[in-house]
Amino acid sequence: MAASGDDTAATNAGSVQLYQRKPWGHWSWLKAVAPAALNKDDRFGASVSLSDDYLVVGAPGHDAGGIVNSGAVWVYARGNDDWQTAVRLSPTGLGAGDAFGGELDGVDVDGSRIAAAAPGYDRAVSSGKDDGAVYLFERDNSGWKQVQQLVAADEVGKDLPSQSGSSHQLCGAVDLSGGRLVVGCSGDGQHVSGALNVGSAYFYQRDAGGQFKFQAKVISAGPNVTNLQFARRVEIDGNRALLHCPTCTGKQGRSGTAELWIVDGATWSRAGSLSP
């Protein structure tokens, strides 16, 4: 359970509260984890992902290398019924305000791979556009290593989309499933003239060489308007993906929906939506 506002170490330094399932099915508190390196407003626990024996935690407010709000991600490994800090991930080239580790779905671990978003990343240093980037890590016998950076480019080209003007991409939601990756860009407005924060999602497929390549961009069924924030949260499982849209029109007005998308070959198609 994430507690990014925990003040135990310092104001808003954060922590993660771990619970363990007992044989009879009940959950009981196990321990709180927080690295010793935390400082005020690090917000450790702003994003969390758990898979098998690995726990990944984002701290987007951490000043890695003295760079304000550049962010960091910690990886915990479970052994002997306890959780140990395995490594702190902080890619080279991060700038002030990149917020590596993101929010909510800002990190994901799937087996020996980790995806972590830096929603404040600027393609052009100090441009203030927050194009966004996603970093991919893989584990081998020597530990976790960065293997790829998906940086801002257009959807026809390579990785994440470009953003002209003053609006922001904020590509801050990620999810991995086998050889597939989905990136949610709730701040994307480039496909609707004059609109901001409409949102989109980008799908990637891992190729034979181990690199994730752009596959498709999808947008909400609409109406696509300012502050829709489509793909604010994302989930992918095999050939299916669930993309959250917090202000889309559902059964109770703009109460939000979750759109189901299914891939056939390399084509993603909307299969329906869920709403409260």
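Above this text is the structure in question.
Quick notes on the rules
Residues numbered from 1 in each chain as written. Predicted model: local features only at pLDDT ≥ 70, side-chain atom pairs only at ≥ 80, totals over all residues. Heavy atoms only, no water. Helix = DSSP H or I, 4+ residues; strand = E, 2+ residues; numbered from the N terminus. Buried < 20%, exposed > 50% of the residue type's maximum accessible area, 1.4 Å probe, protein only. Contact = heavy atoms within 4.5 Å. Areas by Shrake-Rupley, 256 points an atom, 1.4 Å probe, with all protein chains shown as cover. Pairing = 2+ DSSP bridges. Axes fitted to C-alpha atoms, helices over the stretch in contact; angles between N-to-C directions. Disulfide = S-S within 2.5 Å.

Concerning the overall build of the protein
Consideration 1: Across its full length, the protein holds 0 helices and 19 strands.
Consideration 2: A total of 276 residues make up the protein; the buried ones form 46% of that total.
Consideration 3: Partitioning the contacts of the protein with sequence separation of at least 6, the portion at a separation of at least 24 is 46%.
Consideration 4: Carbon and sulfur atoms make up 48% of the accessible area of the protein, which totals about 12500 Å².

Let's talk about the sheet that holds strand S9 (residues 113-118)
Consideration 1: The strand order S8-S9-S10-S11 describes an open sheet built from 4 strands, whose pairing is antiparallel. Looking at the sheet topology across the chains shown, the edges are occupied by strand S8 (107-110) and strand S11 (143-150). Looking at each pair of strands side by side, their axes are set apart by 20° on average, direction ignored.
Consideration 2: Where S8 meets S9, 4 bridges bridge the pair, whose relative direction is antiparallel. Residue pairing across strands places Val-107 opposite Ala-116, the latter belonging to S9.

Some points on the state of the cysteines
Consideration 1: Tallying each qualifying case throughout the model produces 1 disulfide.
Consideration 2: Each sulfur of the disulfide joining Cys-171 and Cys-185 lies 2.2 Å from the other. Of note, the bridge from Cys-171 to Cys-185 carries an S-S torsion of about 110° and is right-handed in sense. Residue Cys-171 is located in strand S12 (residues 171-177), and its partner Cys-185 is located in strand S13 (residues 180-185); the two are separated by 14 residues in the primary sequence. Judged on exposure class, the residue Cys-171 and its partner Cys-185 are both buried.

Describing unusual backbone geometry
Consideration 1: One non-glycine residue with positive phi stands out, namely Asp-52, at about 55°.
Consideration 2: Within the secondary structure layout, Asp-52 lies in the loop between strand S4 (47-51) and strand S5 (54-59).
Consideration 3: Looking at Asp-52, the relative accessible area reads 62%, which means it is exposed.
Consideration 4: You will see that Gln-229, though not glycine, has its phi angle at about 60°, which is positive.
Consideration 5: Following the sequence through the fold, Gln-229 ends up in the loop between strand S15 (212-218) and strand S16 (233-237).

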